[in-house]
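So you can see what is in the structure, the chains are spelled out below.
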Amino acid sequence: MDSEYRDILHRCFRCGWCKLPTNYADFNCPAYLKHRFESFASGGRMWLIRAWTEGEITPSERFNQILFSCVTCGNCVEACAMDKIRDKLVDVFVAARRDLVEEGRIPPGVRDYFKAVSVSGNPYKRPAEETGLWAADLDIEEYNGHEYLLYAGSVASFDDPGMRMARSAAKLFKQAGLSFGTLKGEEVDDGNDLRASGEQALADFLASRNIETFNRKGVGKIITISPHSFHTMRKDYPALGGTFEVYHYSQVLALLVMQGALVPGGFGAEVTYHDPCYLGRWNKEYFSSRRVLGELKGTSVREMDRSMQNALCCGGGGGNFFTDILGTGRDLSSRARVREALDTGAGTLVVSCPQCYRMLDDAVKAEGAQDRLRVRDLAEVVSASAGDA
Ligand code: SF4
Ligand code: SF4
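Residues numbered from 1 in each chain as written. Chains lettered and ligands numbered in written order. Predicted model: local features only at pLDDT ≥ 70, side-chain atom pairs only at ≥ 80, totals over all residues.

**Regarding the site of ligand 1**
Here comes step 1: Residues in close proximity to ligand 1 total 15 residues, the closest being Cys12, Cys15, Cys18, Gly43 and Cys80.
Here comes step 2: Looking at the shell around ligand 1 element by element, the count peaks at three residues for helix α3 (residues 42-53). (Near = placed C-beta within 6 Å. Helix = DSSP H or I, 4+ residues; strand = E, 2+ residues; numbered from the N terminus.)

Here it is as structure tokens:
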């Protein structure tokens with residue numbers, strides 16, 4: 001492990017603040033919420049890594065499970081009591097996973113995920129030419145010098161709720177007269193969750209392929225559907241030769257609404273909004289979605305107890321969306337989040353990430369709450385307000 005990280009392992013004094021939000025509403029670390037052992041929270045994991053790097057323990061299957069259970073939600077980065085280590089907590093966990101991956105100590109579900117992406121360029125094992133099929137009947141032009149490239153990413157290309165998101169956003173952009181195109185079969189996975197899972201070489205390879213495609217086509221501005229793509233294209237792509245202006249679709253919707261190019265109508269039902277970690281905590285973008293929702297007529301946003309920097313993660317980050325290492329049960333953060341949304345009395349839980357969409361939609365079913373709460377994406381809500389969905 002890099003000496004930069006080794007040097008901070010000793011500084012955690014196991015106070016435990018990292019598993020709470022800053023308003024102390026409830027436990028806010030999804031891995032701890034599920035397992036209720038200190039070793040699954042940030043502080044305990046730091047001490048395990050310290051013992052490992054000092055040769056006091058040897059990795060076991062349980063150790064690997066603990067290391068890969070972090071969903072990189074960033075709550076501990078927000079809440080840690082120690083200034084000197086706070087910003088590096090998740091970096092340490094990812095660095096430790098990189099070391100495990102290099103040593104071949106990889107849990108089976110994680111290994112399957114890596115293999116699928118390495119063979120197909122996406123976790124769904126689908127041929128590359130199918131990445132544009134989500135938009136097959138939408139009459140969207142292939143990118144050719146448009147102002148924006150619309151990059152869907154793996155989940156919005158192949159998972160039903162994600163595809164609905166991408167389609168709704170694209171239809172609104174067309175309606176507003178935005179100049180944009182898609183890659184029609186040339187996208188590969190953005191690499192973000194592979195990187196967070198410790199598979200940096202494959203993440204870099206895929207990012208470089210995307211960057212080569214974007215540069216060859218002269219792309220300057222990118223709209224992403226996934227906050228995970230948004231994050232890695234802003235944070236990791238520049239060091240690999242890819243410097244682009246990157247926007248999340250909620251930001252573009254907010255811009256179009258502010259410009260008057262899109263006019264939301266009446267929604268007529270109360271909504272609550274779930275902040276995706278890779279948009280909110282990691283990139284401090286809390287307001288674009290709320291700005292759009294604020295323009296819906298007859299609707300108010302009922303905030304959950306944990307919102308914005310304190311939002312409880314859906315559990316779909318850090319590779320867990322694909323590896324399911326947190327498993328099932330009532331203590332999954334997605335289910336706790338649904339119960340929190342139900343407490344607001346809102347009938348619609350609005351999301352702006354395809355991974356949150358699937359995690360929370362499944363959790364609504366697991367909670368048996370289909371008659372009380374419906375998960376919908378921001379673009380679908382705007383379309384519905386205009387009578388389109
Ligand atoms: S809040 Fe920071 S110092 Fe305290 S246990 Fe968590 S990681 Fe360690
Ligand atoms: S990033 Fe999230 S899941 Fe990982 S240790 Fe921190 S709070 Fe827990």
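Back to the write-up after that little detour.
**Some points on the sheet that holds strand β7 (residues 374-377)**
Here comes step 1: Taken together, the three strands give an open sheet; going across it, the order is β5-β6-β7, and neighbouring strands pair in parallel fashion. The sheet is open, and its two edges are formed by β5 (271-273) and β7, each paired on a single side. Each strand axis lies, on average, 35 degrees off the axis of its neighbour in the sheet, ignoring direction.
Here comes step 2: Summarising the sheet, strand β6 (residues 348-351) and β7 pair through four bridges and their orientation is parallel. Paired with Thr348 across the two strands is Arg374, which belongs to β7.
Here comes step 3: Helix-sheet contacts for helix α18 (residues 354-366) involve β6 and β7, and the interaxial angle to β7 is about 170 degrees.
Here comes step 4: Of the strands in this sheet, β5, β6 and β7 are in contact with helix α19 (residues 378-385), which crosses β7 at around 90 degrees. (Pairing = 2+ DSSP bridges. Axes fitted to C-alpha atoms, helices over the stretch in contact; angles between N-to-C directions. Contact = placed C-beta atoms within 7 Å.)

**Structural notes on helix α14 (residues 249-259)**
Here comes step 1: Counting buried positions along α14 gives eight out of eleven residues, so the element sits mostly inside the fold.
Here comes step 2: Every buried residue belonging to α14 is among Tyr249, Ser250, Gln251, Val252, Leu253, Ala254, Leu256 and Val257, and all of these are buried.
Here comes step 3: A positive backbone phi angle near 85 degrees is found at Gly260, which sits one or two residues after α14. (Buried ≥ 20, exposed ≤ 12 C-beta atoms within 10 Å, placed from the backbone.)

**Concerning the nonpolar core**
Here is a general trend for soluble globular proteins: nonpolar side chains tend to be buried in one another's company.
Here comes step 1: The biggest cluster of nonpolar side chains holds 120 residues, and the ones touching the most others in it are Leu149, Ala169, Ile222, Leu253 and Leu360.
Here comes step 2: Examining the composition of this core, we find that seven residues originate from one element, helix α7 (residues 89-102), more than from any other.
Here comes step 3: If near-sequence neighbours (up to four positions away) are discounted, Leu149 is found in contact with Tyr143, Phe180, Gly181, Leu183, Phe214, Val219 and Ile222. (Core = buried A, V, L, I, M, F, W, Y, C linked by C-beta atoms within 7 Å.)

**With respect to the packing of helix α10 (residues 160-175) against α19**
Here comes step 1: Between α10 and α19, whose axes approach to 8 Å, the crossing angle comes to 50 degrees. If you check the angle between α10 and α19, you find them oblique. Here α10 runs over α19; the crossing is left-handed. Judged by residue contacts, Arg164, Met165, Ser168, Ala169, Lys171 and Leu172 of α10 engage Ala379, Glu380, Val382 and Ser383 from α19.
Here comes step 2: Classifying every residue of the contact of α10 with α19 by side-chain character gives five nonpolar, two polar and three charged. (Parallel < 35°, antiparallel > 145°, perpendicular 65-115°, else oblique. Left-handed = near helix turned anticlockwise from the far one by under 90°. Nonpolar A, V, L, I, M, F, W, Y, C, P; charged D, E, K, R; others polar.)

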